[in-house]
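Breakdown of the fold
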Amino acid sequence: MPYRAWFQCINPECGAVYPLDAIVYRCRECGSLLEVRHDIERLARRSAQAWMKLFEERYKSTQWPYGSGVWGKKEWVLPQIDNENVVSLYEGGTNLFWAERLGKLIGLEDLWIKLCGNTHSGSFKDLGMTVLVSQVKQMIRDGAPIQAVACASTGDTSAALAVYCAAAGIQSIVLLPKGKISTAQLIQPIANDALALSLDTDFDGCMRVVQEITRDETIYLANSMNSLRVEGQKTVGIEIVQQFDWEAPDVIIIPGGNLGNVSALGKGLLMMRDLGLIGKLPRIVVAQAERANPLYRAYLRNFESFEPVRAEKTLASAIQIGNPVSVEKAIRILRQFRGVVEQASEEELADAAALGDKTGMFNCPHTGVALAVLIKLLRAGKIDKSERVVVISTAHGLKFIEMKVRYHNGELDFPCRHANRPVELPPRADAVKEALREALRRRERLQA
Ligand SMILES: *Cc1c(COP(=O)(O)O)cnc(C)c1O
Ligand SMILES: [Zn+2]
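For clarity, every value in this text was computed on a predicted model and none was experimentally measured. (Residues numbered from 1 in each chain as written. Chains lettered and ligands numbered in written order. Predicted model: local features only at pLDDT ≥ 70, side-chain atom pairs only at ≥ 80, totals over all residues. Heavy atoms only, no water.)

So, the overall build of the protein
- When helices and strands are tallied, the protein shows 17 helices and 13 strands.
- Computed over C-alpha atoms, the radius of gyration of the protein comes to 22 Å, within 12% of the 22 Å expected from 2.2 N^0.38 for 448 residues, which places it in the range of a compact globule.
- Here the protein holds 448 residues, and the buried ones make up 60% of them.
- The long-range share in the protein, meaning contacts at least 24 apart out of those at least 6 apart in sequence, stands at 70%.
- Computed over 55 positive and 52 negative side-chain charges, the separation of the two mean positions in the protein equals 3 Å. (Helix = DSSP H or I, 4+ residues; strand = E, 2+ residues; numbered from the N terminus. Rg over C-alpha atoms; globule rule 2.2 N^0.38 Å. Buried < 20%, exposed > 50% of the residue type's maximum accessible area, 1.4 Å probe, protein only. Contact = heavy atoms within 4.5 Å. Lys, Arg positive; Asp, Glu negative; His and termini not counted. Charge placed at Lys NZ, Arg CZ, Asp CG, Glu CD.)

Thoughts on helix 11 (residues 260–274)
- Taking 1.5 Å per residue, 15 residues should reach 21 Å; helix 11 reaches 21 Å between its end C-alpha atoms and fits that length.
- With 13 of 15 residues buried, helix 11 lies mostly within the body of the structure.
- Gly276 lies just past helix 11 and shows a positive phi near 80°. (Expected span 1.5 Å × (residues − 1).)

Quick word on the coordination of the zinc ion (ligand 2)
- Coordination of the zinc ion (ligand 2) by the protein involves Cys9 (SG), Cys14 (SG), Cys27 (SG) and Cys30 (SG), with metal-donor separations of 2.3 Å.
- Angles of 95 to 117° at the metal separate the four donor atoms of the zinc ion (ligand 2), which places the site in the tetrahedral class.
- Counting the intervening residues between successive donors of the zinc ion (ligand 2) yields the motif C-x4-C-x12-C-x2-C. Here Cys27 lies in the loop between strand 2 (17–18) and strand 3 (34–38) and Cys14 lies in the loop between strand 1 (5–9) and strand 2, a separation of 13 residues in the sequence.
- The class of Cys27 is buried, set by a relative accessible area of 5%. (Donors = N, O, S within 2.8 Å, 3.2 Å for Na, K, Ca; no water. Tetrahedral: all angles 85-135°; square planar, octahedral: opposite > 155°, others 65-115°.)

Here we look at the nonpolar core
- Counting residues in hydrophobic clusters, the biggest one holds 107 residues, and the most contacted among them are Trp76, Tyr220 and Leu269.
- Broken down by element, the residue count for this core peaks at seven residues, all from helix 5 (residues 125–141).
- When near neighbours in sequence (up to four residues on either side) are disregarded, Trp76 contacts His38, Leu43, Trp51, Phe55, Glu231, Lys234, Ile238, Met271, Met272, Leu275 and Leu277. (Core = buried A, V, L, I, M, F, W, Y, C linked by side-chain atoms within 4.5 Å.)

Focus on the sheet that holds strand 1
- The strand order 2-1-3 describes an open sheet built from three strands, whose pairing is antiparallel. In this open sheet, the two strands that pair with only one neighbour each are strand 2 and strand 3.
- Taken together, the two bridges between strand 1 and strand 2 define a ladder with antiparallel strand orientation. When the bridges of strand 2 are listed, Gln8 appears paired with Val17. (Pairing = 2+ DSSP bridges.)

A short note on the packing of aromatic side chains
- Taken as a whole and judged by the stated rule, the model has nine aromatic pairs.
- Through pairs of rings, three or more aromatic residues link up here, namely Tyr3, Trp51, Phe55, Trp76 and Trp246.
- For the cation-ring pair, Arg46 lies above Trp51, with the distance from its terminal atom to the ring centre recorded as 4.6 Å.
- Seen from the ring of Phe55, Lys73 lies directly overhead, with NZ or CZ sitting 5.4 Å from the centre. (Phe/Tyr/Trp six-rings, centres within 6.5 Å; stacked < 30°, edge-to-face > 60°. Lys NZ or Arg CZ within 6 Å of the ring centre and 35° of its normal.)

Observations concerning a nonpolar patch on the surface
- A cluster of nonpolar side chains, contributed by Phe362, Leu398, Ile401 and Val405, occupies part of the molecular surface with about 360 Å² of accessible area.
- Along the chain, the position of Leu398 falls in the loop between strand 13 (388–393) and helix 16 (401–408). (Patch = residues over 30% accessible without salt bridge, like charges linked within 9 Å, V, L, I, M, F, W, Y side chains within 5 Å. Areas by Shrake-Rupley, 256 points an atom, 1.4 Å probe, with all protein chains shown as cover. Salt bridge = Lys/Arg side-chain N within 4 Å of Asp/Glu carboxyl O.)

Nothing here speaks to function; it is all geometry.
This is the structure:
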C-alpha cells in the first residue's frame with residue numbers, strides 16, 4: 001500500500017476530508033483552515049532507525065529530487081507527487097551556524113543559527129513553495145483549470161512563488177503592499193516574470209484581495225493558509241534535528257508574522273516524535289516585532305482570546321502583519337511546546353541584528369527580532385545559559401540592505417549602538433595606518 005496524505009479540516013468537531021488535488025483552502029463545511037494529514041500507521045511501518053538512515057543517505061545528494069532538504073523527506077511531505085512534476089531548486093540543507101562569539105557575548109554556551117536565508121530566493125519561504133508549485137504542476141497535468149498562481153506577500157513569499165513558477169513555466173501573480181517591501185524583494189518577482197501588482201494598502205489588505213480573486217478556480221492561492229506550504233516549511237525542524245545527529249535542541253526561536261511557519265515547525269517536530277525519531281520536544285519561542293504583536297498580546301492573556309491589531313510600520317517588514325491567518329494553528333502548537341512569545345522594539349531588533357553581524361553573520365531584521373528576544377529571555381532567566389538554543393534566521397541580510405545602510409549611517413530614530421561608518425581619507429598610507437590605530441584603540445576600549 002502506498003503512502004498517502006490528504007487535506008483535513010482542523011476543527012475537531014468537523015474533520016471534513018478533501019483530496020490534495022481539490023482546489024480548496026478552507027473547509028467547505030465549517031470555514032476552518034485545513035491541514036495536510038498523513039497515513040501515520042503506514043509511515044510507522046518503517047522504523048525510526050530506517051527513516052533516519054534513508055534521510056541521511058539522501059541528504060544533499062545529487063539523486064534528484066531527493067537531494068533537496070524538502071524532497072529528501074518526500075514520504076512525509078507529499079507522497080503522491082510524481083517525481084517528474086516536482087519543481088525543486090535544491091532548497092533546504094542550509095548551514096547551521098555555530099554562533100560561538102555571539103553566544104559568549106550574550107552569555108549562552110550553545111547557540112546555533114539556522115541560516116535559512118542561504119537558499120535560492122534568499123528566504124525560508126522556498127521550503128513551502130517547492131511543495132505548492134509541484135502540486136500545481138501535477139494538477140495542471142491532470143487537467144485542472146488553473147491558469148495562474150497568486151499570493152499576497154510582505155516580500156519573501158512573492159519572491160519564492162515567482163521563481164518556482166518561472167522554473168515551472170507557470171504564470172504567477174503577486175500582490176504587494178505599495179512602498180512596504182525592500183527593493184530586492186520587489187525586483188525578485190519582476191525579474192522572474194511575475195505579474196507584479198503594487199496595491200495601495202498593507203499586507204492584510206492584499207490578503208483580502210487575493211482571497212477574493214482566488215475564489216475563481218483558474219487562479220490558485222499560494223499563501224500559507226493553503227496548507228500545502230506548511231508541509232514543506234515543516235522540514236526546517238526535522239532538518240535541524242538531523243543536523244544535530246537526531247537530537248532535538250532545548251529551545252527553537254522563530255520570528256512570527258502570519259504564523260504559518262511556527263505552525264509548520266511544530267508539525268514537523270510532532271511527526272518526528274510520533275514516528276519515534278525524537279523523545280523530547282524542544283520549547284518553541286515566537287519572536288514578534290512590538291509594532292506587529294497580536295500573538296504577544298494574546299500570550300499575555302494566556303491565549304484566552306485573540307484580537308487582530310493594525311500592524312504599524314516596522315523594520316522587520318516581512319512580519320508586519322496584524323491579522324495572522326494561521327493564529328489558531330500557531331496557538332495549538334505553542335500549547336504543546338511550552339511555547340513562549342516575546343516581542344522586540346525597533347531599537348532592540350536593529351541592535352541585535354547588528355551585534356550578530358559583528359560576530360560573522362549578516363542578519364535580516366526578522367532574525368534581529370529573534371536575536372533580541374533571545375537576549376531578553378536570557379536576561380529574564382526564561383532561557384538558561386546552558387541550554388542548546390537554535391535561532392531560525394529566516395532571510396538573507398542582502399535582501400534588506402536599505403535598513404543596514406540607515407543603521408550604519410545612524411539615520412534611524414534611536415542611537416544605533418553598533419553603527420560602523422565608512423571613513424573618508426586622502427589616498428596616503430600614513431592616513432590609512434592612523435585610521436587603523438584608531439580602530440584598534442576603539443576595539444580595546446570596548447573590550448575593557
Ligand atoms: C514569512 C517570514 C517570516 C514569518 O513567517 P510567518 O509564517 O509569516 O509567521 C519571518 N521572516 C521572514 C524573513 C519571512 O519572510
Ligand atoms: Zn470543517
